[in-house]
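# Reading the structure
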Amino acid sequence: MSVYKGPERLTNDRYMTLSAPFRLFKHSIDGLIDTHWHEFFEMAFVVSGSGTHMLNGVPLRLTRGAAFLLSPADFHSLEPDPGETLQLYDFIFNDHFIREPLPELLFDHRTAYTHWYAEEQIAELEQEYERIWEESVAWQPESEILIQGSMERLLIDLFRKSRPADQQPSIDGVPHQALQSAVRKGLIYIQHHFREPLSLEEVASHCGLSANYFSECFRKGTGSTFQTYLQEVRLQFARSLIKTTQLPITEICFASGFNTLPHFERAFKKRFLLPPREYRKQ
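Note that the coordinates shown come from a computational prediction; the quantities given were computed from them, not determined experimentally. (Residues numbered from 1 in each chain as written. Predicted model: local features only at pLDDT ≥ 70, side-chain atom pairs only at ≥ 80, totals over all residues. Heavy atoms only, no water.)

## Some remarks on unusual backbone geometry
Here Leu273, not a glycine, exhibits a phi torsion of approximately 75°, which is positive. Mapping Leu273 onto the fold places it in the loop between α10 (261-272) and α11 (276-281). For Leu273, a relative accessible area of 69% corresponds to the exposed category. (Helix = DSSP H or I, 4+ residues; strand = E, 2+ residues; numbered from the N terminus. Buried < 20%, exposed > 50% of the residue type's maximum accessible area, 1.4 Å probe, protein only.)

Following this line, the structure appears as structure tokens:
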């Protein structure tokens with residue numbers, strides 16, 4: 001009898017080498033890529049074909065010129081339309097690839113970006129991705145610098161095109177201007193690592209502050225303690241999985257960053273007034 005193992009988590013050590021914090025793939029997808037998430041960031045650009053991209057439970061069309069950027073906080077699946085093959089460039093990278101302050105620019109108010117480029121722009125993007133591919137295949141000492149520059153331009157372009165013009169930056173409803181830079185950096189770190197064991201000390205160290213001072217700044221900036229905020233992020237992610245997938249509750253518990261099923265069930269019921277299984281039924 002086969003045992004259901006739940007959605008796959010794609011890891012850095014499996015898909016990237018130790019010598020480079022990035023990798024570019026050319027994918028031909030002719031069947032379902034089931035729900036999964038990853039430790040790394042992912043930016044994809046569709047060259048041909050059509051299908052459906054299920055992103056955090058929301059279905060989006062994939063056609064020639066579609067582009068999307070995902071963080072480790074996102075889960076998704078891909079499925080070509082019947083008889084179609086999706087051809088796409090898929091660029092993956094970790095936290096160390098993009099330079100400051102680009103991570104804060106991209107991720108201080110949401111994690112996923114999508115855009116459908118017009119035909120006149122597609123050729124230009126294809127050329128840019130193909131140049132990155134050629135640099136990756138015929139590696140030279142300066143290749144990483146060229147690739148990093150190209151990808152940062154592509155990231156900023158996607159950011160500009162998919163962000164509403166009137167949207168003011170915020171993190172989960174907290175106004176950008178009300179947060180110290182270190183607290184913003186901590187919130188972004190939490191968004192991308194909440195499924196891992198995460199301590200106040202680790203996040204404070206990432207922000208360059210002592211644990212006590214970071215805790216005080218965090219509470220003043222967000223109106224919440226670190227642990228309360230972290231649990232809320234985990235619970236909201238779990239609720240999305242319960243609403244939009246048929247994953248087992250136990251798998252959702254651990255995928256959302258909880259250590260034990262009883263703890264998860266108690267916290268979920270307290271927050272949403274129903275146990276996870278009853279919530280799914282409704």
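## Regarding the environment of Lys281
Relative to the elements of secondary structure, Lys281 occurs in helix α11. Each C-alpha atom of the pair Lys281 and Ile242 lies 9.6 Å from the other, and the pair is 39 residues apart in sequence.

## What about the state of the cysteines?
Counting across every chain of the model gives zero disulfides. Among the cysteines around Cys207, which has no disulfide bond, Cys217 carries the closest sulfur, lying 9.7 Å off. The exposure class of Cys207 is buried, given its relative accessible area of 12%. (Disulfide = S-S within 2.5 Å.)

## Thoughts on helix α8 (residues 226-244)
Here α8 spans 27 Å end to end across 19 residues, near enough to the 27 Å set by a 1.5 Å rise per residue. Along α8, the residues that are buried comprise Phe226, Tyr229, Leu230, Val233, Arg234, Leu235, Phe237, Ala238, Leu241 and Ile242. (Expected span 1.5 Å × (residues − 1).)

## Some thoughts on the pattern of salt bridges
Under the definition given, this model contains 11 salt bridges. Among the salt bridges present, the one from Arg64 reaches Glu126, with a minimum N-O distance of 3.3 Å. You can see Arg64 sitting in the loop between β6 (58-62) and β7 (66-70) and its partner Glu126 sitting in helix α3 (residues 119-137), a full 62 residues away along the chain. Among the residues examined, Arg64 registers a relative accessible area of 33% and is labelled partly exposed. Among the residues examined, Glu126 registers a relative accessible area of 22% and is labelled partly exposed. We note a salt bridge from Glu216 to Lys220, for which the minimum N-O separation is 3.0 Å. Of the two residues, Glu216 and Lys220 are both situated in helix α7 (residues 211-222); the distance of four residues between them amounts to about one turn of the helix. Residue class for Lys220 comes out exposed when judged on its relative accessible area of 59%. Taken together, the salt bridges that share partners define one network made up of Arg64, Glu119 and Glu126. (Salt bridge = Lys/Arg side-chain N within 4 Å of Asp/Glu carboxyl O.)

## Details of the environment of Pro21
Its location among the elements puts Pro21 in the loop between α1 (12-15) and β2 (22-29). Look at Pro21 and you get buried, because its relative accessible area is 15%. As for Pro21 and Asp95, which are separated by 74 residues in sequence, their C-alpha atoms are 8.0 Å apart.

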